[in-house]
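Descriptive structure summary
Each chain, written out:
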Amino acid sequence: MTNSGLTPLTLPVSPEGWGDWLGQRCGVQLARARALVAVIKDTHPAAADTLLADWNEVSIAMGNAMSAASLISQVHPQEELRSQAETAEQEGHKLSTDLALDRDLFEIFVAADPTGLDEGAARVLHLALRDFRRAGVDQDEPTRARLRELSDRELVVDQEFGKNTRDDVRSISVTPDQLAGLPQDYIEAHPVDADGRVTITTEYPDTIPFMTFALDAEARRALVVEFNNRAWPVNDAVLQELLGLRAEHARILGFDSWADFDAEVKMIGRGAAIGEFIDQITAASDESGRRDLAVLLERLQADRPGASVVDRADSAFYKEVVRRERFDVDAQQVRRYFEFAKVRQGLLDVTGRLFGLSYARVEEAGSWHEDVAVYDVQLEGTPLGRIYLDLHPREGKYKHAAQFDLVAGIRDRQLPEGVLVCNFGRGLMEHSDVVTLFHEFGHLVHHLLAGCHPWARFSGVATEWDFVEAPSQLLEEWAWDASVLRSFATDDAGEAIPEELVAKMRAGEDFGKGCFVRTQMFYAALSYRLHKEPVADITAFVREIQAAYDLFAQVEGTHFHASFGHLGGYSSAYYTYMWSLVIAKDLFSAFDREDLFAPETARRYRDTILAAGGNKDAAELVTDFLGRPYNIEAFSTWLQEALVC
Ligand SMILES: [Zn+2]
């Protein structure tokens, strides 16, 4: 596989150039897609391979426009550019819906004779027909019109849900003493204002350390209330509309619920199987979760006699206290070893060695903000693609951590370009941030390595959605390995993080694993159940689901769902994190724990799973790599390891 001879996009070097660039990029590509569709219709009947080649061009053009629009809508520092990008995204989405509902186009595909097509082309044809049917192209005209309306509106409402969360940055005002317990660099980064107060915002780099370290329980409670009330109440109505649109959409297409419709194209296959999976994992983690919870509660009661529950205002803080006291892991000691610049370089070195990649910083490359670090990536000496690391928070930027595409790689056509969008502080990082960075980078290398297919349909992270987290969760394992960490995690004096400390961190991480799994099952159940049946009072429903699955209690007066961004993109499929984790643990069982860089396994993994992109069903890729179908054994062992600690 090689992308020799291809060059990356030339991006504007200043924020001002982006309006024209984006208009051009989206305008040209969407126009090209429209023209190509006209060609397909004019030249009909054509041989199936000609049809598929033309259709591939349409997919490339659509992908180019949509990737640029979607990225810029989330990262550009100027509000008007983000809005322009959202409009472009809506236009692209509308065209994509029009095409999916174009009966004439569908008939051309139905008439295509698959005889003689190679395996890749046959798969593209099969998937195209499936996508057409799922769009409802075979419905009557009024129904197609309604589906089009629903689809357009779903995107707008989903964007609104995200925008409301992004724009609603809240804060609390505390006295300087209320910073007690926080690391020195955090205190320095939060100076006292003229009124003698300190402002703590709901941005992640402010909130997460505060919830983990601040000794003042009332201040933690005040912050968690603000954090879990972002975009509330405004997003209640937005969410209800989104759920209603999706339910109608699924019903029209003959499904009982959106969850059933969505699951059809996932590894899991059926909506009901999501509920079964959640119950299976909930049961498997019950014993370990309750044992950890009892430890947390006992420790909380030592400070607050009579406390009967551990809630969201105390959970992160007491988990940290127990880790420090029981496992002797002091996160402040740990973070001394994770200075941002060293971590970023360490990540590149580790993934470079693992996958045979090299990274060259491109200082002069254009980007949307000066914080963005751009690298050209080579695979064993030949060009592979370009990456953009946009890792610090700023106003109006996407608030979570995610990988975005800029360009999907196509063999001999265009170089894959991918972007990491995260919100880390600029100084010392928590180890959990380091794990997040490795995780997101797992998506990024997947995007790049699968960027040499001739078919757009297979390019990048083009696999079933409930498999996409597996490669990134697998890469997290490298952020927990002592010898890997020691290669880049050094303190100011240049001392590498001690092996014993990493061992303790791992033991500390094992503590609370059952609780973590149960919280994940709360999120998964919420995402599934909201898309399975109508819910009149979402706040009351969240409380009920949380009580059934999460081991931590809700803080009174909070509305977590209003900023639960994954309800947008993942809809009913939040379970995918745990589903992928089951598979990631199985994939990891093939690696030698004593030598995570053993080249044979790493290269085989790279070539059979990552580079394959979407050219086979995920279950088949996993079987190719493991030499057998995946199973839950390694995951169960992992949960039992938690029991030991
Ligand atoms: Zn991920």
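Up top is the structure these notes are about.
Residues numbered from 1 in each chain as written. Predicted model: local features only at pLDDT ≥ 70, side-chain atom pairs only at ≥ 80, totals over all residues. Heavy atoms only, no water.

1. Points about the overall build of the protein
Along the backbone of the protein there are 26 helices and 7 strands. Relative to its length of 645 residues, the protein is compact, with a C-alpha radius of gyration of 25 Å against a globular reference of 26 Å. Referenced to the eigenvectors of the C-alpha coordinate spread, the extents of the protein come out at roughly 80 × 55 × 55 Å. Here the protein holds 645 residues, and 58% of them are scored as buried. Put simply, 75% of the contacts in the protein that link residues at least 6 apart link residues at least 24 apart. Roughly 25,300 Å² of accessible area belongs to the protein as shown, and the carbon and sulfur atoms make up 50% of that amount. (Helix = DSSP H or I, 4+ residues; strand = E, 2+ residues; numbered from the N terminus. Rg over C-alpha atoms; globule rule 2.2 N^0.38 Å. Buried < 20%, exposed > 50% of the residue type's maximum accessible area, 1.4 Å probe, protein only. Contact = heavy atoms within 4.5 Å. Areas by Shrake-Rupley, 256 points an atom, 1.4 Å probe, with all protein chains shown as cover.)

2. Some words on the coordination of the zinc ion
Coordination of the zinc ion by the protein comes from His 439 (NE2), His 443 (NE2) and Glu 469 (OE), over a distance range of 2.0 to 2.1 Å. Mapping the donors of the zinc ion onto the primary sequence gives the spacing H-x3-H-x25-E. Taken together, the positions of His 439 and His 443, both in helix H16 (residues 431-449) and 4 residues apart, correspond to about one turn of that helix. Residue His 439 shares its accessibility class with His 443, and that shared class is buried. (Donors = N, O, S within 2.8 Å, 3.2 Å for Na, K, Ca; no water.)

3. Some points on unusual backbone geometry
Cis geometry marks the peptide bond from His 44 to Pro 45, where omega comes out at 0°. Relative to the helices and strands, Pro 45 is located in the loop between helix H1 (18-42) and helix H2 (48-75). With omega at 5°, the peptide bond leading from Trp 232 into Pro 233 counts as cis. One non-glycine residue, Asp 328, lies in positive phi territory at about 60°. Within the element layout of this structure, Asp 328 appears in the loop between helix H13 (315-326) and helix H14 (331-335).

4. Observations regarding H13
An α-helical segment advances 3.6 residues per turn. Residues three or four places apart therefore align on the same side. With 12 residues, H13 extends 16 Å from end C-alpha to end C-alpha; this agrees with the ideal 16 Å at 1.5 Å per step. If you check which residues of H13 are buried, you get Ser 315, Phe 317, Tyr 318, Glu 320, Val 321, Val 322 and Arg 323. Where H13 is buried, its residues touch helix H8 (204-213), helix H9 (217-227), helix H12 (271-303), H14 and helix H19 (499-510). Trailing H13 by a residue or two, Asp 328 shows a phi angle of about 60°, which is positive. (Expected span 1.5 Å × (residues − 1).)

5. So, the environment of Asp 131
Mapped onto the secondary structure, Asp 131 falls in helix H5 (residues 119-135). Taking C-alpha positions, Asp 131 is 34 Å from Glu 633, a pair spaced 502 residues apart along the chain.

6. A short note on the sheet that holds strand E4 (residues 373-379)
Here we have 5 strands laid out as an open sheet, ordered E3-E4-E5-E7-E6, and mixed in their pairing. Only two strands of the sheet have a single partner each, and these edge strands are strand E3 (357-361) and strand E6 (402-407). Across the sheet, the mean angle from the axis of one strand to that of its neighbour is 25°, orientation sign disregarded. (Pairing = 2+ DSSP bridges. Axes fitted to C-alpha atoms, helices over the stretch in contact; angles between N-to-C directions.)

7. Focus: the nonpolar core
Phe 338, Ile 387, Phe 441, Trp 478, Phe 488 and Leu 587 are the most contacted members of the largest nonpolar core, which has 140 residues in total. Beyond its immediate sequence surroundings of up to four residues, Phe 338 is in contact with Val 343, Gly 427, Leu 428, Met 429, His 431, Val 434, Leu 485, Phe 488, Ala 489, Ile 497 and Met 505. Grouped together as the second largest cluster of nonpolar side chains are 57 residues, Leu 11, Trp 55, Val 374 and Phe 404 included. (Core = buried A, V, L, I, M, F, W, Y, C linked by side-chain atoms within 4.5 Å.)

8. Describing a negative patch on the surface
Together, Asp 49, Asp 118, Glu 119 and Glu 620 make up a negatively charged patch on the protein surface. When you line up the elements, Asp 118 lands in the loop between helix H4 (103-111) and H5. Judged by its relative accessible area of 48%, Asp 118 falls in the partly exposed class. (Patch = residues over 30% accessible without salt bridge, like charges linked within 9 Å, V, L, I, M, F, W, Y side chains within 5 Å. Salt bridge = Lys/Arg side-chain N within 4 Å of Asp/Glu carboxyl O. Lys, Arg positive; Asp, Glu negative; His and termini not counted. Charge placed at Lys NZ, Arg CZ, Asp CG, Glu CD.)

9. A closer look at the packing of aromatic side chains
Aromatic ring pairs are defined here through the distance separating the ring centres and the angle between the ring planes. Enumeration over the complete set of coordinates arrives at 36 aromatic pairs. Between Phe 560 and Phe 564 the ring centres are 4.9 Å apart and the planes differ by 35°, which places this aromatic pair in the tilted class. Judged by its relative accessible area of 14%, Phe 560 falls in the buried class. When the centroid spacing of 6.2 Å and the interplanar angle of 40° are considered together, the rings of Phe 591 and Phe 625 count as tilted. Note that Phe 591 is positioned in the loop between helix H23 (576-588) and helix H24 (599-610) and Phe 625 in helix H25 (residues 618-626), a separation of 34 residues in sequence. Given a relative accessible area of 2%, Phe 625 falls into the buried group. Taken together, the aromatic side chains of Trp 465, Phe 522, Tyr 523, Phe 560, Phe 564, Tyr 570, Tyr 574 and Tyr 577 make up a single cluster linked through ring pairs. Positioned over the ring face of Phe 317 is Arg 220, at 3.9 Å from the centre of the ring. Against the face of Phe 597 rests Arg 353, its NZ or CZ located 3.8 Å from the ring centre. (Phe/Tyr/Trp six-rings, centres within 6.5 Å; stacked < 30°, edge-to-face > 60°. Lys NZ or Arg CZ within 6 Å of the ring centre and 35° of its normal.)

10. Here's the deal with the environment of Glu 380
Positionally, Glu 380 belongs in the loop between E4 and strand E5 (382-390). Expressed as a C-alpha distance, the spacing of Glu 380 and Asp 311, which sit 69 residues apart in the sequence, is 50 Å. Once you skip the residues sitting within four places of it in the chain, Glu 380 turns out to touch Gly 356, Arg 603 and Arg 606. A polar atom in the side chain of Glu 380 sits 3.2 Å from the side chain of Arg 606. (Polar contact = N/O pair within 3.5 Å; in protein donor to acceptor, adjacent residues only side chain to side chain.)

11. Section: the pattern of salt bridges
Under the counting rule described, the total for this entry stands at 52 salt bridges. Between Lys 399 and Glu 203 there is a salt bridge, with the nearest N and O atoms lying 3.2 Å from each other. Of the two residues, Lys 399 is situated in the loop between E5 and E6 and Glu 203 in the loop between strand E2 (198-201) and H8; the sequence distance between them amounts to 196 residues. When its relative accessible area of 7% is taken as the criterion, Lys 399 is described as buried. Residues Asp 286 and Arg 290 are paired through a salt bridge, measuring 3.1 Å at the closest nitrogen-oxygen approach. Here the residue Asp 286 and the residue Arg 290 both occupy positions in helix H12, the gap between them amounting to 4 residues, near one helical turn. Residues joined in a network through salt bridges with shared partners are Arg 220, Arg 221, Arg 304, Asp 311 and Asp 314.

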